[in-house]
Amino acid sequence: SGLVARRTLVPGQPISRDAVRVSYVVKQGQPVSIRYLSGSISIVLTGAAIQSGSVGDVISVRNSDTGRIVRARITNAHMLSLVGP
């Protein structure tokens, strides 16, 4: 179901919700594409993930051209959408 353990799970014991998390689709250091959408304008930049995350998470990404760190929401394993300015 796409979940991984956050800590060691003990056989025969119930598993609480906080003992698991959704598996990461973007790993720290991974190259990613960052999409900026504004009306009919779409710009795609390249970058490197500074944090790991799952689909829907907002993470920090370093823009490869400028070195600037931006925040982007993970849409899939290789594409993120720019969040805010």
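What comes next concerns the included structure. (Residues numbered from 1 in each chain as written. Predicted model: local features only at pLDDT ≥ 70, side-chain atom pairs only at ≥ 80, totals over all residues. Heavy atoms only, no water.)

1. Concerning the sheet that holds strand E5 (residues 58-63)
Sheet strands line up and pair through hydrogen bonds in the backbone, either parallel or antiparallel.
And then number 1: Read around the barrel, five strands follow the order E3-E4-E5-E6-E7 and close on themselves; strand pairing throughout is mixed. Here the strands of the sheet are splayed against their neighbours by 55 degrees on average, with no regard to which way each runs.
And then number 2: Here strand E6 (residues 69-74) pairs with strand E7 (residues 79-82) via three bridges, running antiparallel. Paired with Ile74 across the strands is Leu80, a residue of E7. (Pairing = 2+ DSSP bridges. Helix = DSSP H or I, 4+ residues; strand = E, 2+ residues; numbered from the N terminus. Axes fitted to C-alpha atoms, helices over the stretch in contact; angles between N-to-C directions.)

2. A few points about the environment of Leu80
And then number 1: With respect to the secondary-structure elements, Leu80 resides in strand E7.
And then number 2: The spacing of Leu80 and Val58 is 22 residues in sequence and 8.8 Å in space, taken between C-alpha atoms.
And then number 3: The contact partners of Leu80, leaving out residues within four places of it in the chain, are Val32, Ser33, Ile34, Arg35, Ile59, Val61, Ala72, Arg73, Ile74 and Thr75. (Contact = heavy atoms within 4.5 Å.)

3. Digging into the side chain of Ser54
And then number 1: The residue Ser54 is located in the loop between strand E4 (41-49) and E5 in this model.
And then number 2: Among the polar contacts made by the side chain of Ser54, one reaches the main-chain carbonyl oxygen of Ser23 at a distance of 3.1 Å.
And then number 3: In contact with Ser54, other than residues within four places in its own chain, are Val22, Ser23, Tyr24, Val25 and Ile74. (Polar contact = N/O pair within 3.5 Å; in protein donor to acceptor, adjacent residues only side chain to side chain.)

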